[in-house]
Amino acid sequence: MSNNLEKDRREKRGGTIRFLLFLALVMLMLGGSSVYMRLMPDETYSSSERRMLSKRPKLSKKTVMRGRFQRKYEVYLSEQFPGREHWVALQTKLSRLIGNKDANGVYFGKDHYLLEQYKEQDFDWKKAEENIRYTAEFLQEYPNANVMFVPVKSSVMADKLPMFAEITGEQRFFDLVSQQIPAEQQIEVESVLKEHDAEYIYYRTDHHWTTLGAYYAYEQWAEKMGLSAISRSDYTITDVTDTFLGTTYAKVRTGGLADTISLYERKDGADFQLDYNMGEFESDSFYDLTKLEGDDPYSVFFGGNQAFIDIRADLSETIRDSSKNQAEIETVRDSSKNQAEIETVDSGKDQAESGTVQDSSKNQAERKRENDQASKKGQAKARKDKVKKQSEKTLMIVKDSFGNCFAPLAASHYARTIVVDLRSVNIPVGKLLRVYPADDILILYNSVQFMEDDNIVKLK
């Protein structure tokens, strides 16, 4: 009996010791993490998520009483915790094991798609309405400006969502846009994207559209601007990587299927010169292939989000082609004129014998021919002037990261294209336009990123 009691005491003592050791280990990990976070500088940017991370919130009586400090500090700890990515992956896998269809704001969709979860209550609607108002005021001041809002992947590709998944909020945004922004200054792309939702128009593991999705939007923009969109068959389309894991994947660290990034380059070898950030560096390509080896392959477009890009296109080839065609037209006309003169001389002999009536008919025919030639010359000059006018035009694109694969397509139609990212530029757009006057302006944003952006005020 005493042996059994002694055995029970040893087991309880052993259990207590194991619990205390476990507790000490947890405390040691938390203490070590706390010391690490205190000593080491905070990470300011997550390359895998392509976003800024939270800073340590300031402590004050006011923020504590309102609960603002506690909420911000909780987010700060979750984003700065050591080994965060591994903990996120473990949490997500456990969540999926118990049958959850979402984790950390991401739905695990069909065909390996990871789709962002948006709810109406997640948005700051005061900020969203302010941003729409700033944009509406800008468009009123600049009638040559248009706006393109790109819908989120979860909305366009809703058939990829798991059963009973809910996406709300974006429709309210588009309703507010339609109330404040004139329809004639909107370039609506949701419909055309939904028409092609069975195609690869959004990345599976990233929130961005693919270059194909951007191309379909480019066609809509070109039609609105009265331009002829360059056919996809006139581009060399190159897949530069098939191992891209984007921002949506970074939120869960599991699921999805690696994406392919494709680049579009004109087959005719059109020349472009790019000046970055007002003289920081120059390039003759829209693409920086060295970024494919880094943490953010999407930065292959322009080398990432640049503050200011000045793109100059060499449209002289277009003008030369037009001049060549004009010269050919003139040669044909000269030949026709000479032939007409020969025929006139030949017929003159007969007309001299036929009398006054024939002379009168001849004069009328010559006048008609001269009028026709003058009309054709005027039409040819108008066509030539139109080519020259387009070759002198400037486009300004104010955009977020969705514009990075769109701008190279649009730049083919202008002699100069100015690309501005308000997140990195501290100059109001109005002042930029005084230095860089633009014939046409395009504001291009993803709907959610637009609602959350603190820099739209720079449109004022």
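Now for a description of the structure that goes with this document. Being a predicted model, the structure only gives us computed values, none of them experimental.

### Brief notes about the packing of helix α5 (residues 125-141) against helix α7 (residues 170-180)
Packed helices, taken two at a time, are described by the angle their axes make and the gap between the axes.
Move 1: Interhelical geometry of α5 versus α7 gives an angle of 30° and a closest axis separation of 10 Å. Considering the angle they form, α5 stands roughly parallel to α7. Taken as a pair, α5 and α7 cross one another with a handedness that is right-handed. Within the contact between the two elements, α5 uses Trp125, Glu129, Ile132, Arg133 and Ala136 and α7 uses Arg172, Phe173, Leu176, Val177 and Gln180.
Move 2: The class makeup of the residues in the contact of α5 with α7 is six nonpolar, one polar and three charged.

### Let's talk about the packing of aromatic side chains
Move 1: One pass over the structure, following the stated rule, counts 26 aromatic pairs.
Move 2: On the numbers, 5.3 Å between centres and 85° between planes, the contact of Tyr203 with Phe244 is edge-to-face. Of this pair, Tyr203 sits in the loop between α8 (190-195) and α9 (211-225) while Phe244 sits in strand β7 (residues 235-244), and the two are 41 residues apart along the sequence.
Move 3: Ring centres 5.1 Å apart and planes at 50° place the aromatic pair Phe308 and Tyr436 in the tilted group. With a gap of 128 residues between them, Phe308 in strand β11 (residues 308-313) and Tyr436 in the loop between α14 (429-435) and β14 (440-446) connect regions that are remote in the sequence. The same class applies to Phe308 as to Tyr436, namely buried.
Move 4: Grouped by ring-pair contacts, the aromatic residues Tyr200, Tyr203, Phe244, Phe272, Phe286, Tyr287, Tyr298, Phe301 and Phe302 constitute a single cluster.
Move 5: If you follow Arg133 out to its NZ or CZ, it ends over the ring of Tyr134, 5.4 Å from the centre.
Move 6: When the ring centre of Trp125 is taken as origin, the NZ or CZ atom of Arg172, which lies over that ring, is 4.2 Å away.

### Here's the deal with the pattern of salt bridges
Move 1: On inspection of all chains with the given rule, the structure shows 10 salt bridges.
Move 2: Of the charged contacts in the structure, one is a salt bridge between Lys127 and Asp454, with a shortest N-O distance of 2.5 Å. Taken together, the positions of Lys127 in helix α5 and Asp454 in the segment after α15 (447-452) put the pair 327 residues apart, joining distant regions of the chain.
Move 3: Judged by relative accessible area, Asp454 falls into the exposed class, the value being 53%.
Move 4: What you see here is one network of salt bridges that share partners, running through Lys399, Asp421 and Arg423.

### Description of α7
Move 1: Listed in full, the buried residues belonging to α7 are Glu170, Phe173, Phe174, Leu176 and Val177. Projected down its long axis, α7 carries its buried residues within an arc of 155°, all on one side.
Move 2: Among the structural elements, α5, β6 (145-150), α6 (153-156) and α15 are those in contact with the buried residues of α7.

### Concerning the sheet that holds strand β13 (residues 416-420)
Move 1: Taken in spatial order, the seven strands line up as β6-β14-β12-β13-β11-β9-β10 in an open sheet, and their pairing is mixed. This sheet does not close on itself; its edge strands, each paired only once, are β6 and β10 (281-283). Sheet twist, expressed as the mean angle between neighbouring strand axes with direction ignored, is 15°.
Move 2: Packing against the sheet, α5 makes contact with β6 and β14, and its axis sits at approximately 150° to β6.

### Regarding the sheet that holds strand β4 (residues 106-108)
Move 1: The three strands lie next to each other as β3-β4-β5, forming an open sheet whose pairing is antiparallel. Pairing within the sheet leaves two strands with one partner each, and these edge strands are β3 (102-103) and β5 (114-116).
Move 2: Across three bridges, β4 lies against β5 in antiparallel orientation. The partner of Phe108 across the bridge, within β5, is Leu114.

### Digging into the pairing of strand β9 (residues 272-276)
Move 1: A one-sided burial pattern is seen for β9, the buried positions being Phe272, Leu274 and Tyr276 and the unburied ones Gln273 and Asp275.
Move 2: Where β9 meets β11, five bridges bridge the pair, whose relative direction is antiparallel. Bridging from a neighbouring strand, Asp275 pairs with Asp310 of β11.
Move 3: Where β9 and β10 come together, three bridges link them in antiparallel fashion.

### Focus: the nonpolar core
Move 1: Ranked by internal contacts, the top residues of the largest apolar core, which has 57 residues, are Met148, Trp209, Trp221 and Phe406.
Move 2: Counting 40 residues, the second-largest nonpolar core is a separate cluster that includes Ile132, Phe149, Tyr436 and Met451.

Definitions and cut-offs
- Residues numbered from 1 in each chain as written.
- Predicted model: local features only at pLDDT ≥ 70, side-chain atom pairs only at ≥ 80, totals over all residues.
- Heavy atoms only, no water.
- Axes fitted to C-alpha atoms, helices over the stretch in contact; angles between N-to-C directions.
- Helix = DSSP H or I, 4+ residues; strand = E, 2+ residues; numbered from the N terminus.
- Parallel < 35°, antiparallel > 145°, perpendicular 65-115°, else oblique.
- Left-handed = near helix turned anticlockwise from the far one by under 90°.
- Contact = heavy atoms within 4.5 Å.
- Nonpolar A, V, L, I, M, F, W, Y, C, P; charged D, E, K, R; others polar.
- Phe/Tyr/Trp six-rings, centres within 6.5 Å; stacked < 30°, edge-to-face > 60°.
- Buried < 20%, exposed > 50% of the residue type's maximum accessible area, 1.4 Å probe, protein only.
- Lys NZ or Arg CZ within 6 Å of the ring centre and 35° of its normal.
- Salt bridge = Lys/Arg side-chain N within 4 Å of Asp/Glu carboxyl O.
- Arc of directions from axis to C-beta.
- Pairing = 2+ DSSP bridges.
- Core = buried A, V, L, I, M, F, W, Y, C linked by side-chain atoms within 4.5 Å.

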